[in-house]
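Chain by chain, the residues:
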Amino acid sequence: MSQPLPLPALHASHAGTWLRDANGGTRGCSKGEAVMAAADTPLLMMNAPLVANRLGYPDLSGLDLLELYAFIHPAKFCVPTPKGLAHALGLEEPADDAAVPLLLQQAAGALMETCESVDWAEREGAWSGLQSLARLRWPWAQVLAPHITQPERAEKWLFTRLPEWEETPERPQPQQVLIEEAEIEGQLARLTGEGAEQRDGQRMFSRGAGGVFAPRDRQRRPHVHLAQAGTGIGKTLGYLAPASLWAERSGGTVWVSTYTKNLQRQLRQESRRAWPAARADGSPPVVVRKGRENYLCLLNLGDALQGGFTGRPAVLAHLVARWAAYSQDGDMVGGDLPGWLGTLFRKRGIAALTDQRGECVYAGCPHYRKCFIERSARNAAQADLVIANHALVMVNAARGRDMASRPTRIVFDEGHHVFDAADSTFSAALTGAEAIELRRWIVGPERNSRGRRRGLAARLADVASYDEQGGEAVEAAVEAAQVLPSDGWLGRVAEGGPIGPLEELLGQVRATTYARDESGQEAGYGIETEASQLPGELVAAAGNAAQALSAIRSPLLKLAGRLEAIVEDAPDWLDGQGRARIEGARHSLAWRIDLLAAWEALLARLGGPADPEFVDWLAVDRNDAREFDVGLYRHWLDPMKPFAKVVLEPAHGVMLTSATLTDRDETGADWAHAIAKSGAPHLDLTPSTAQADSPFDYANRAEVLIVTDIRRGDIPALAGAYARLIEASDGGVLGLFTAIRRMRAVYGRIADRLARAGLPLYAQHVDPIDTGTLTDIFRDDPRASLLGTDALRDGVDVPGRSLRCVVMESVPWPRPTILHRARRAAAADQEGGGQRYDDRIIRARLAQAFGRLIRTRQDSGHFVVLSSAFPSRLLSAFPEGTPVVRVTLEEALQRVAKGVGTREDTPAENQAS
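Read on for an overview of the structure.

## Observations concerning unusual backbone geometry
Link 1 in the chain: Here the phi dihedral of glutamine 533 falls at roughly 50°; this positive angle occurs in a residue that is not glycine.
Link 2 in the chain: Relative to the helices and strands, glutamine 533 is located in the loop between strand 12 (527-530) and helix 25 (536-568).
Link 3 in the chain: Phi is positive for aspartate 730, close to 60°, though the residue is something other than glycine.
Link 4 in the chain: Its place among the elements puts aspartate 730 in the loop between helix 30 (715-729) and strand 20 (733-736).
Link 5 in the chain: Residue classification places aspartate 730 among the partly exposed positions, given a relative accessible area of 29%.

Below is the structure:
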């Protein structure tokens, strides 16, 4: 057992606050006493922002065990709770809250012992990193100093230690191969393993998936396959079996696209059954690809380490540098960087260390050859399997830098989200926030702005000096961009003092939106109005703004032409790195030129006849009584039309799969609607379809309870219901809300009560913890419960006892937005009309939420909806055979307390019809 570190320790939860002296003696104390103690001397604590939240004292600081863990064990997983820390360090978990301060002392002692051990795997770089942190007055620096010895030889700087990627030849076009069904079944048997359960549904699913890898018969006519596979079918290995065979024989790349990061992690693990971690030449056959904004930018990190960050953000930069030396791939969002690290520092430090604005200088960066993003892109170009997300696949298909690496064989897992992803990808938004980012990208730093922002002139200085016309185009673009909104635009627009045509337009948009608002919404909610019957002042402002945008786009087009000419007739000074930098600049330019063209098209529509293919509106975005953006929006009425053109048409084979791909009403699965939402009809294609129902015994492992005596809008009753259900279930509850404000109100009323019963409660948008970490905490503690919104309805995979009850506050009706109204109106002429359109959305949400409950054959539990008016036509959202009962809250509590396995027969008159 490690010797406890003799420093005072503090722990605060909703159940109370405990202090422990340096050499023993733990006592309960008041919040005020804890704050006074923390102000007098640095205290050991865990997750200082969370403790500060519990104490109601935001300026609290101390010796945070999580920061120490991140320094000593970078890139290693740890659930950020006392129990999770105990497990990570091999210590005995605390029996209750009062035992936590002692655990903190023991954990600190164990971590100090690690520093002195010859087996410390992450010793390299620790001493020099600690010296830098000591200069920043990191609280742990003085405590750690006696335990980390200076190495005999000077340690390498991070940027010299990272390996360089190497250029590889372009991968040849894949061979045309045909895989037989018997071969697919044989590969599936190898992947599932000897002695594994033989699942007919999985074999059928796998055979169907093989069809998308067959040679294409005609140009622009891909094989499209829709496969609905219930939970437990094993669809991941089902499509990896033919995918791995095709990749091996053809030499091509398969892209698997997901909607959630959780499934990406699962895919990475499952893919190890089909591919080794590395090929003989050391290259990875499986690569996870994400957008640039997910990866650490080494140029940003270098600037932060050399004075770009000060104070606490500088400490974060040095901890990130420690992680970067041991990271598998530099992925900061969902990778091996602890999701909780950034939240310890309150400000958006993690985002500032990534390339959020597309300002990469490519080969002009001194760290280009070691760049995590470039390494990932090059690995993906040579990979057999690329695991990505829906948005990246669509963006890559639309404007990938290299035509040869664009996806042609794609499996869209979580295929029910493809429509939403396409809706976002192919939309246009001319907002103040978007416009100011464009200004920063073109103009660069202005006045006293900090950071490494570089405008066009700085990024293309050598090109401008070589090519006179290119230099003139850069100057013209920078000058034209001065009309875009600048810092402080929102205040000027709100106060009626806009500067320039774009700010004047946004001012008119804001005024019109407020003038027409009939929602009666409180200030915490955004408001919107349709872009029709607009006042003349707004139409005139739109015309002036469109001219200003055109004046920006024109020199950018000219500059793109000059860059193309330089590449085609390369000067002597243009080496390989210079060419790569110019190619990167051309790609970024094309993106901004397309953006400007989309904005101009949006403005040209204002004041004229409506385009039936689009839905346009004006909006003021607000949050917690604060405006944060104003703008105009354009979405496709059917976003699968551009999806079909951009993604499906160039592809050779595409599969969409999900447990909830089709809607299911009283007549059964609605495949016609699923096919329409796939985009295939826009290419006059009829996709193949397959359905494999879940093997789970829902009739005996799950029960749906519709609670009929909680009135809508009654927050005290709602909070009481949640608290009593969590108590009846002894924790393990996932609570889903349709409004953040109601969730916060419920959380505030019940968290203390539950904590006193030993039932921890966490909540999105309340606890200063990211969603992924909240899920990790929930998964790790069977008595914990978690409240959240839509992100938890789709992104939580918690098998076992940790999730045994899902509670929805109400029926998840669609929000009555302008976009929803337009699509509902378009469905009015179809069978079932607008009501059926809404019902499909609701049933899909219910099905996804119910899907959180039963993840394995051993799982069981209750699905509770607190709704006095739950239409019977929505009950088909639940798997066939699942018992559905309308009950009072008291009856629901009794059933939840008993558990599903001990349920008594339900009287026929109580069964929901």
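Next, the rest of the story.
## As for the environment of serine 257
Link 1 in the chain: Summarising the element assignment, serine 257 is placed in strand 7 (residues 254-258).
Link 2 in the chain: The class for serine 257 is buried, based on a relative accessible area of 0%.
Link 3 in the chain: Sequence spacing of serine 257 and aspartate 413 is 156 residues, and the spatial spacing of their C-alpha atoms is 5.8 Å.
Link 4 in the chain: Excluding residues within four positions of it along the chain, serine 257 makes contact with Ala388, Asn389, His390, Val393, Val411, Phe412 and Asp413.
Link 5 in the chain: Looking at serine 257, its side chain comes within polar contact range of the main-chain oxygen of asparagine 389, at 3.4 Å.

## Focus: a negative patch on the surface
Link 1 in the chain: Together, Glu468, Glu472, Glu475 and Glu479 give the surface a local cluster of negative charge.
Link 2 in the chain: As for its placement among the helices and strands, glutamate 468 is situated in helix 22 (residues 468-480).
Link 3 in the chain: For glutamate 468, a relative accessible area of 61% translates into the label exposed.

## Looking at empty space enclosed by the protein
Link 1 in the chain: Taken as a whole and assessed by the stated rule, the structure comprises four cavities of 30 Å³ or more.
Link 2 in the chain: Around the largest cavity, the lining comprises 14 residues; the ones closest to its centre are Arg292, Cys297, Cys360, Cys365 and Cys371.
Link 3 in the chain: Class assignment for the residues of the lining of the largest cavity results in ten nonpolar, one polar and three charged.

## Considering the nonpolar core
Link 1 in the chain: Trp140 and Leu144 are the most contacted members of the largest nonpolar core, which totals 62 residues.
Link 2 in the chain: Listing elements by their share of this core, those giving two or more residues are helix 3 (65-72), helix 4 (82-89), helix 5 (100-116), helix 6 (126-135), helix 7 (139-144), helix 8 (158-161), helix 13 (298-308) and helix 14 (312-324).
Link 3 in the chain: In terms of residue count, the dominant contributor to this core is helix 14 (nine residues).
Link 4 in the chain: In contact with leucine 144, other than residues within four places in its own chain, are Leu68, Phe71, Ile72, Met112, Cys115, Leu130 and Trp138.

## Looking at the sheet that holds strand 18 (residues 688-692)
Link 1 in the chain: What the seven strands build is an open sheet, ordered 8-9-7-10-15-6-18; its pairing is parallel. Lying at the two open borders of the sheet, with one neighbouring strand each, are strand 8 (286-288) and strand 18. Adjacent strand axes in the sheet meet at a mean angle of 15°, parallel and antiparallel pairs treated alike.
Link 2 in the chain: In terms of strand pairing, strand 7 meets strand 10 (residues 409-412) through three bridges, oriented parallel. Opposite serine 257, over in strand 10, you have phenylalanine 412 as the bridge partner.

What counts, and where the lines are drawn
Residues numbered from 1 in each chain as written. Predicted model: local features only at pLDDT ≥ 70, side-chain atom pairs only at ≥ 80, totals over all residues. Heavy atoms only, no water. Helix = DSSP H or I, 4+ residues; strand = E, 2+ residues; numbered from the N terminus. Buried < 20%, exposed > 50% of the residue type's maximum accessible area, 1.4 Å probe, protein only. Contact = heavy atoms within 4.5 Å. Polar contact = N/O pair within 3.5 Å; in protein donor to acceptor, adjacent residues only side chain to side chain. Patch = residues over 30% accessible without salt bridge, like charges linked within 9 Å, V, L, I, M, F, W, Y side chains within 5 Å. Areas by Shrake-Rupley, 256 points an atom, 1.4 Å probe, with all protein chains shown as cover. Salt bridge = Lys/Arg side-chain N within 4 Å of Asp/Glu carboxyl O. Lys, Arg positive; Asp, Glu negative; His and termini not counted. Charge placed at Lys NZ, Arg CZ, Asp CG, Glu CD. 1 Å grid on protein atoms, 1.4 Å probe; cavity = no way out; pocket = protein on both sides within 12 Å on 5 of 7 lines; lining within 4 Å. Points joined across faces, edges and corners; volume = space filled by probe spheres on them. Nonpolar A, V, L, I, M, F, W, Y, C, P; charged D, E, K, R; others polar. Core = buried A, V, L, I, M, F, W, Y, C linked by side-chain atoms within 4.5 Å. Pairing = 2+ DSSP bridges. Axes fitted to C-alpha atoms, helices over the stretch in contact; angles between N-to-C directions.

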